[in-house]
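An overview of the molecular structure
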Amino acid sequence: MTAPTLILPERSHAIASDLRAVLGVDKVKDDYSTLTAYAVDASIYRIAPRAVVLVESEGDIAATVRYAVQRGIPLTPRAAGTNLTGSAIGSGIILDVSRLNRVLELNREESWARVQPGIVLAELNKHLGRHGFMFGPDPSSGDMCKFGGMLANNSSGPHTLRYGAVKDNVEALRVCLQSGEWLNAKAYGLDDPNCADLLKAHKPLRDLQLLLQENATLIAQKRPTVSKNSCGYNLFGLADGLARGRFDLPKLFVGSEGTLGLFSEATIRLVEKPRATLTALIHFHHLEDVGDAVPKLLELSPSALEVMDANTLNLIGRAKHGIPADAAATLLVELDADGAGTDLCAQADRMTEICRRYRLTSDPVIAFDPEQREQLWKARKALYPTLYRFDPKKKPINFVDDVVVPAERIGELIRYLEEFFAGQRVPVAIFGHIGNGNAHIIPLLDVNDQDDFQKMVQGYHEIHQTVLGRFGGSICGEHGDGRVRTEYVKTMFGQELYDLFVRVKQSFDPSGVLNPGIKISDRPFTDNIDYVRLSKPCATCAKCNAVCPVYDVFQSEDMSSRGWFEIVTDKNYSYLNSKRVVEACLNCKSCRTACPAGVDVSQLILDRRAEHPNKMAGVIFRFHAQTANFEIFLKLLARYQPIWDRPLVRRLLDYLTKPFIRGLAETARLSAQLVMPRLARRHLRDRYPELITQAGQTARSPVAYFHGCAANYFDDGVGDAVISVLRKHGVEPDLPTQRCSGTPIETYGHRALAKEGARVNLVSMAGYDKVVTGCASCTLMLKDYPTLFAGEPEQAAAQALAKRVTHISEFVAQSPVKPAMASQQPTKCKVAYHSSCHLRAAGVTKEPRAILQGLPGVEYVEMPDADRCAGGAGTYLVKDFETSQRIVERKRRAIEQSGAKVVATSCPACMIQLRTGLQGAAEVKHVAQLIQEAYEAGDRQTRQT
Ligand SMILES: Cc1cc2nc3c(=O)[nH]c(=O)nc-3n(C[C@H](O)[C@H](O)[C@H](O)COP(=O)(O)OP(=O)(O)OC[C@H]3O[C@@H](n4cnc5c(N)ncnc54)[C@H](O)[C@@H]3O)c2cc1C
Ligand code: SF4
Ligand code: SF4
């Protein structure tokens, strides 16, 4: 297709300044960091845009479309940027719909909802789940992908087998056409007067109707015969509609990849959540048996049927996922029970019986419990980014990633692919939705190597040709054509049908501004490959964005974990051009916990901050390091706290301290709303002189208590609770000399100072079997000392200490001593657990929950978003109070929803943040305090009896 030449204005900031004049300054960005972050999606490509618009209304969308059309500037809609084809990047304007992320309406009686395009699928399902519903199609990227992208890609997933793809679940769309007009795209009856009005109003629709009528035979001939297809425009669905007397407009727009119009909302059909679900893992000895078993297993009407081939199992690590060494392929089967009549146990027996006819390595592993089922899915869901860990150079490259063949021939396809890649000597993962015949093929290549590059090009052509010729399949099941498959759309459908696609595109987008280069283009798939990025460790999957609290509130890629990876590793990075974003990270480590590729974005940011330590923080932390003087100062503050902590005085202090505190960050302030912890007049170490061991003194106990700063200086009962709990377990801990673990110090870039304190701690904690902690951040920091001292003489000592660091909840869970607790109480207090990010990053997640569940006076409730950051993060609530309060808002709603009267946690910053955010709506306690209360109640009961 020869699209009109698109013009990019020469003045570098012209587009953004024009758009700012129309939309306002807050919604348009074109600084270095933003353009760098938006230059990538989850594909192999890179194209930097000229401006990014963060739309907040239909008016914003229409105004941006009109501007782009008038000026002939490419316009690319974007949601989460998780597509694997390069369809959410472009050289002109990126229109990000992430801030349009609400459920507008939910009709429970008729099972439908109206949703905006920026809502994340997982968030939508959480919302729907509360009413017993869910959205059927479930891309594996559901934790991070957003509705706009799912609609535009016609996404699907493992459960498409049962619920269909997105196209099968959409009733209506609000579409902004390139004219800037809005179209209510639904299935109109051809005799409906509204349909006639619509055809009168929109020439592209008249053209489309004519095109469909004139070419009905050709469209019928070219219809893909496989069960899934997202290649080209869905003229087949439209033709089906016309045959039934309906002009089914959603069929045109779903799967159109932003090339025909932009969505502001969708009306979607919902399905009821299954009453119960069974997940099974079946390990086959022989690949041929898989092909035979699939039709038999399909008789059980599974909701999902997934395959992973032998190479995939090797690449993700068999031992790690409990997969037998001799399995040639593994199937994952899921069966749902809807009505009361379905007996899942009987179904499980039938499945086992079917499977026994084949050569399995063992009986199927079957799970009913949600946690165990999640475990079985774990390898499959994290597969793609996990492949990123396989080799420092050879990376998973998506270029033949989404083919579809008849389901019964999938075994034959896998055999062909294994032979093909063995011939090329290329490691490859083959997995996918076997029930639909949809295979994901991910070879690992170093595209910077000429040999590997040629293998990629050869594989691209040979495999696509084979899928089309030998298997009569489709080159695209669900990921979209994007930039990667556009070269092959013509081959898939033939020139005549391709010409119809071109006519549709020209009719709906005569100026050619809507996502040019996508779906309809003659460009080779090798254009715009990001060779630099493909040698980096990040898979750009955006899993980290889904947990990044900053992204959660800003909904802008430049304020996100994935975006920050791009920015801080970019060749043009400088602290000066990126200070705004580098200083915005909370160092909560949620990204590190989530990343399946093993990337630690927070550490990269700390490295960058270490190049520019904050001067004001340096003054404060150096004073902090002079322990004696600092403590005198704190005690003085504690004495006068009743005066300075009054609301009026706090407001005055907020005002007076601003010029000084601004040295920490432009956003920093000591807000009067911040609920200050009570400072201790007698510090913890003063209160327990008998436990103090001085520097050089030999250990008296096998256990040291590393209390950290907060438990020592705050009068909040946490330190006392930890000591009391340890004593109940028969341990009289030592309180050795200690300095700040270093977390806040490193956060402000003072790595040398952090190391200074860490060296003191390494020496004083050396003689103990266990170093017990109460604070989440201290726990993680002490465990992370090996990274702090990487390659330095202290590393060995740091590793030794890291192994001995034990959080109090781990200590209690592991202790052989079981102190008496009161017997089960009739009235219980509802307690939820907020899982502090640093404790999660340290790997402690189950123990606090298990302990709380076992406390007699506690009714434990798992609150929504328990594993999300609350926004306190050390001193972040001083550094950027406004953002921290926007973050905690989500937590406040979650706690309210849970109905908890007490929120348990184990981080002092979280405790301050939760108290500030909750404003008394629920009590906040440390886990150790709840344990202590249970033991004390036990004591009281024993005394009474
Ligand atoms: C690890 C991983 C696993 C994946 N697994 C699956 C899977 O199982 N199944 C599957 O189908 N896909 C999968 N994908 C691909 C991808 O996640 C999906 O296609 C997803 O639906 C894209 O959504 P997004 O919000 O990221 O869209 P984006 O990447 O932002 O955009 C995708 C397309 O939608 C267009 N678009 C976005 N918003 C709008 C709008 N409002 N109006 C018009 N056009 C719009 C964009 O221009 C682009 O063409 C996976 C990706 C990853 C990284
Ligand atoms: S850092 Fe990890 S989670 Fe984030 S985008 Fe990269 S690979 Fe994905
Ligand atoms: S540490 Fe937290 S705030 Fe920083 S990038 Fe990671 S998730 Fe986002």
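Residues numbered from 1 in each chain as written. Chains lettered and ligands numbered in written order. Predicted model: local features only at pLDDT ≥ 70, side-chain atom pairs only at ≥ 80, totals over all residues. Heavy atoms only, no water.

What to know about the site of ligand 1
Quick note on the threshold: Residue proximity to a molecule or strand is established when one non-hydrogen atom of the residue lies within 4 Å of it. Counting of polar contacts relies on pairs of N or O atoms within 3.5 Å, with two restrictions inside protein: one atom must be capable of donating a hydrogen and the other of accepting it, and residues adjacent in sequence are counted only when both atoms are side-chain atoms. Working definition of accessibility: Shrake-Rupley area with a 1.4 Å probe, residue cover restricted to the visible protein chains. For this classification, Asp, Glu, Lys and Arg are treated as charged, while Ala, Val, Leu, Ile, Met, Phe, Trp, Tyr, Cys and Pro are nonpolar and the rest, including Gly, are polar.
The immediate surroundings of ligand 1 are formed by 34 residues, with P77, T82, S141, S155 and S156 found nearest. The contact in question runs from an oxygen atom of ligand 1 to an N or O atom on the backbone of P77, over 2.6 Å. Within the contact set of ligand 1, an oxygen atom lies 2.9 Å away from a backbone nitrogen or oxygen of A80. When ligand 1 sits alone it has 980 Å² of accessible area, and the protein chains cover 98% of it. Residues that form the shell around ligand 1 fall into these classes: 15 nonpolar, 15 polar and 4 charged.

As for the site of ligand 3
Put simply, the rule reads: Here a helix means four or more residues in a row that DSSP labels H or I, a strand means two or more in a row labelled E, and each is numbered from the N terminus.
Close to ligand 3 lie 13 residues, the nearest being C548, C585, C588, K589 and C591. For the shell around ligand 3, the secondary-structure elements that each account for two or more residues are α21 (549-554), α22 (561-568) and α24 (590-594). Class assignment of the residues belonging to the shell around ligand 3 gives a composition of 8 nonpolar, 4 polar and 1 charged.

Comments concerning the sheet that holds strand β25 (residues 805-807)
Put simply, the rule reads: Here a strand pair is declared whenever DSSP counts at least two bridges between the two strands. Only the contacting stretch of a helix is used when fitting its axis, a line to C-alpha atoms as for every element, and angles between N-to-C directions run 0 to 180 degrees. Note on contacts: a residue pair is in contact if any heavy atoms of the two residues lie within 4.5 Å.
Strand order across the open sheet formed by 3 strands is β22-β24-β25, with parallel pairing between neighbours. Here the strands that pair on one side only, and so sit at the sheet edges, are β22 (703-706) and β25. Recorded for the sheet is a direction-independent mean angle of 35° between the axes of neighbouring strands. Bridge analysis of strand β24 (residues 770-773) against β25 gives 3 bridges, and the strand direction is parallel. Opposite T773, over in β25, you have H807 as the bridge partner. Of the strands in this sheet, β22, β24 and β25 are in contact with helix α35 (residues 776-783), which crosses β25 at around 160°.

Remarks on the side chain of R849
Selection rule: Here's how the labels work: a residue is buried when its accessible area is under 20% of the maximum for its type, exposed when over 50%, partly exposed in between, all with a 1.4 Å probe on protein chains only.
Mapped onto the elements of the fold, R849 is located in helix α40 (residues 846-854). A relative accessible area of 12% means that R849 is categorised as buried. When neighbours within four sequence positions are excluded, R849 is seen to be in contact with Y833, S835, Y860, E862, A866 and D867.

Digging into the pattern of salt bridges
Which entries qualify depends on this criterion: Salt bridge, as used here: a side-chain nitrogen of Lys or Arg that lies within 4 Å of a carboxyl oxygen of Asp or Glu.
Throughout the structure, instances matching the rule amount to 72 salt bridges. Two residues, R373 and E334, come together in a salt bridge whose shortest N-O distance is 3.7 Å. One end of the pair, R373, is in helix α15 (residues 370-381); the other, E334, is in strand β15 (residues 329-337), with 39 residues separating them in the sequence. Here E334 falls in the buried class, since its relative accessible area comes to 4%. Here E862 and R849 are joined by a salt bridge, their closest N and O atoms 2.9 Å apart. Of this pair, E862 sits in the loop between β27 (858-861) and α41 (876-879) while R849 sits in helix α40, placing them 13 residues apart in sequence.

Some points on the packing of aromatic side chains
The test is simple: In this scheme Phe, Tyr and Trp rings, the latter by its six-membered ring, pair at centre separations within 6.5 Å, and the angle between planes marks the pair as stacked below 30 degrees, edge-to-face above 60, and tilted otherwise. For a ring to carry a charge above it, either NZ of a lysine or CZ of an arginine must fall within 6 Å of the ring centroid while also lying within 35 degrees of the normal to the ring plane.
Taken as a whole, this structure holds 17 aromatic pairs when the rule is applied. Where F135 meets F147, the ring centres are 4.9 Å apart and the plane angle is 65°; that geometry is what we call edge-to-face. In this pair, F135 sits in the loop between β7 (133-134) and α5 (147-153) while F147 sits in helix α5, placing the two residues 12 residues apart along the sequence. On the basis of an interplanar angle of 90° and a centroid distance of 5.4 Å, the ring pair of Y460 and Y488 is categorised as edge-to-face. Taken together, the residues Y460 in helix α18 (residues 450-469) and Y488 in helix α19 (residues 486-493) connect sequence positions 28 residues apart. When sorted by exposure, Y460 lands in the same class as Y488, which is buried. One Lys or Arg, R886, reaches over the ring of F554 and ends 5.0 Å from the middle of that ring.

Quick word on the sheet that holds strand β8 (residues 170-176)
Taken in spatial order, the 6 strands of this open sheet run β5-β6-β11-β8-β9-β10, and their pairing is antiparallel. Two strands close off the open sheet at either side, each with one partner strand: β5 (103-107) and β10 (246-248). Each adjacent strand pair in this sheet contributes to an overall mean axis angle of 20°, direction not counted. By the bridge criterion, 5 bridges tie β8 to strand β9 (residues 182-189) in an arrangement that is antiparallel. Directly across from A172, in β9, lies its bridge partner K186. Each of β8, β9 and β11 (262-269) touches helix α3 (residues 58-71); the most contacted strand, β11, lies at about 135° to it.

Notes on the packing of α19 against helix α20 (residues 495-508)
Operational definition: Each angle is binned into one of four classes, with values under 35 degrees roughly parallel, values over 145 roughly antiparallel, values of 65 to 115 roughly perpendicular, and all other values oblique.
At a minimum axis distance of 6 Å, the contact between α19 and α20 shows a crossing angle of 130°. By the angle between their directions, the pair α19 and α20 is classed as oblique. Residues V489, K490 and F493 of α19 touch α20, and the partners they reach there are Q495, L497, Y498 and F501. Here the contact of α19 with α20 is built from residues that sort into 5 nonpolar, 1 polar and 1 charged.

Focus: helix α42 (residues 881-898)
Short version of the rule: A helix is expected to span 1.5 Å multiplied by its residue count minus one. The angle separating two fitted axes, one through the seven residues that finish at a residue and one through the seven that start at it, defines the bend at that residue.
Look at α42: 25 Å from first C-alpha to last across 18 residues, which is about the 26 Å you get at 1.5 Å a residue. By the largest-angle criterion, V888 marks the main kink of α42, which is about 25°. The complete set of buried residues in α42 reads F881, T883, S884, Q885, I887, V888, R890, K891, A894, I895 and S898. G899, located one to two residues past α42, shows a positive phi value of around 75°.

Function-wise, these values are silent; they only describe arrangement.
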